[in-house]
Each structure stands twice: as C-alpha cells, then as structure tokens.
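Examining the three-dimensional arrangement
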Amino acid sequence: MVFYECMMTAKNTAHYNTLTALMKEMSLKIVNNGGIVRSIQNHGIRQLPHRFKSKYADREGNRWYEKGRFISVFYDANPNVMRQVEGVLNMDDQILRTTHLRATNKFMDVNNMKENKNPYIEEIVREMEEASQK
C-alpha cells in the first residue's frame, strides 16, 4: 500500500453536512478496498491564490470563488483505490480542486531494504565492517 495525501479545495459556501457525507463516502471507499484512513484535517476557509471556477453555477448564479475550504485526507491504499477516490471527488460539485500526493514519513526509510537507500542499514553495515577490521 502507498501512503497518500489528498488535498482538496471545496466551495466556501458548501454546507457542513454535505462535506461530512463526502468524507464518509470517501473513507468508506478506502476502507472497503483494504485501505486505512489515517486522518482527515479541516484547514478552514482561506483566501484562494486566484479565482477558482466551479464546474456548475450554484443557486445564486455564482461560478467564481475567491475563498475556499481546504481539507486534507491522509490514507494508505493501493493506486487503484486512489483513482476511485479521485473519481468520487471529481463527481462532486462542491469540490473545486483536488491534488493527490504520495506522502513520505520516517517509516519509509525503515521499510526500505536497499542498503544504499536506507540510512539505518548503512549504519549497521558500516559498524559490521569496522568490527571485522579490528
């Protein structure tokens, strides 16, 4: 499984219950396909770097947004599940933009068995070589 970070920007006018239902649907899709949701973080409403255009105009006729709600979801899943999650987010009209990143953490170094890429194995090999030279 791969550790992903999904950063999304939703409309600032999106209702709390709508976004909660979307996060539940997304989490259920991940868990049902063998993934693990590590955390969901709401970063609040912020000024966007430039105007974002939504797919459809809302009831008031607004299509351009200068503010947005930023949400991050960290999860472990295989790449097929990540594409399914992207599909769910792309179908929702409350989401303006999404970005999936392959997140890194300290445990990636520990799980890597290649000697030249794992600093912990390099240190052990170096200590063993020093001990054999004595």
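Residues numbered from 1 in each chain as written. Predicted model: local features only at pLDDT ≥ 70, side-chain atom pairs only at ≥ 80, totals over all residues. Heavy atoms only, no water.

**Details of the overall build of the protein**
Along the backbone of the protein there are 4 helices and 4 strands. When the helices and strands of the protein are read in sequence order from the N terminus, they spell out β-α-β-β-α-β-α-α. A total of 134 residues make up the protein; the buried ones form 34% of that total. Considering only contacts in the protein between residues 6 or more positions apart, those separated by 24 or more positions represent 72%. Surface summary for the protein: the accessible area is close to 9200 Å², and the carbon and sulfur share equals 50%. (Helix = DSSP H or I, 4+ residues; strand = E, 2+ residues; numbered from the N terminus. Buried < 20%, exposed > 50% of the residue type's maximum accessible area, 1.4 Å probe, protein only. Contact = heavy atoms within 4.5 Å. Areas by Shrake-Rupley, 256 points an atom, 1.4 Å probe, with all protein chains shown as cover.)

**Concerning the packing of aromatic side chains**
Per the stated rule, a full pass over the model turns up 2 aromatic pairs. Considering the side-chain rings of Tyr-4 and Tyr-75, the 5.7 Å spacing of their centres and the 40° angle between planes classify their relative orientation as tilted. Of this pair, Tyr-4 sits in strand E1 (residues 2–11) while Tyr-75 sits in strand E3 (residues 64–77), and the two are 71 residues apart along the sequence. Of note, Arg-38 hangs over the ring of Phe-3, and the distance from its end group to the ring centre comes to 4.1 Å. If you follow Arg-51 out to its NZ or CZ, it ends over the ring of Trp-64, 4.3 Å from the centre. (Phe/Tyr/Trp six-rings, centres within 6.5 Å; stacked < 30°, edge-to-face > 60°. Lys NZ or Arg CZ within 6 Å of the ring centre and 35° of its normal.)

**Examining the side chain of Asp-92**
Relative to the helices and strands, Asp-92 resides in the loop between helix H2 (79–91) and strand E4 (95–102). Buried charge without a salt bridge: Asp-92, with Lys-55 as the nearest opposite-charge side chain at an N-O distance of 6.9 Å. In this structure the side chain of Asp-92 is engaged in a polar contact, spanning 2.7 Å, whose partner is the backbone nitrogen of Gln-94. Discounting residues that sit within four places of it in the chain, Asp-92 has contacts with Leu-22 and Lys-55. (Lys, Arg positive; Asp, Glu negative; His and termini not counted. Salt bridge = Lys/Arg side-chain N within 4 Å of Asp/Glu carboxyl O. Polar contact = N/O pair within 3.5 Å; in protein donor to acceptor, adjacent residues only side chain to side chain.)

**What to know about H2**
End to end, H2 covers 19 Å across 13 residues, agreeing with the expected 18 Å (1.5 Å per residue, within 8%). Tucked into the core, H2 has its buried residues touching E1, helix H1 (16–32), E3 and E4. (Expected span 1.5 Å × (residues − 1).)

**Remarks on the sheet that holds E3**
The strand order across the open sheet built from 4 strands is E2-E3-E1-E4, with neighbouring strands paired in antiparallel fashion. With partners counted over all chains shown, the strands left at the sheet margins are strand E2 (36–53) and E4, one partner each. Looking at each pair of strands side by side, their axes are set apart by 20° on average, direction ignored. The strands touched by H1 within the sheet are E1, E2, E3 and E4, with E3 carrying the most contacts at an inclination of about 25°. Where H2 meets the sheet, it contacts E1, E3 and E4, and its direction lies at approximately 170° from that of E4. (Pairing = 2+ DSSP bridges. Axes fitted to C-alpha atoms, helices over the stretch in contact; angles between N-to-C directions.)

**Some remarks on H1**
Here H1 is 17 residues long and its end C-alpha atoms lie 24 Å apart, about the 24 Å a rise of 1.5 Å per residue gives. Turning to H1, its buried residues number three or more, namely Leu-19, Leu-22, Met-23, Met-26, Ser-27 and Ile-30. The buried residues of H1 occupy an angular sector of 130° when the element is viewed end-on, so they sit on one face. Residues of H1 that are exposed and point more than 90 degrees away from the buried face comprise Asn-17, Lys-24, Leu-28 and Asn-32. Count one or two residues on from H1 and you reach Gly-34, which has phi positive near 85°. (Arc of directions from axis to C-beta.)

**Focus: the environment of Asn-12**
Mapped onto the secondary structure, Asn-12 falls in the loop between E1 and H1. Along the sequence, Asn-12 and Leu-96 sit 84 residues apart, while their C-alpha atoms lie 9.9 Å from each other. If we skip the residues at most four places from it in the chain, Asn-12 touches Ile-45, Tyr-65, Lys-67, Gly-68 and Arg-69.

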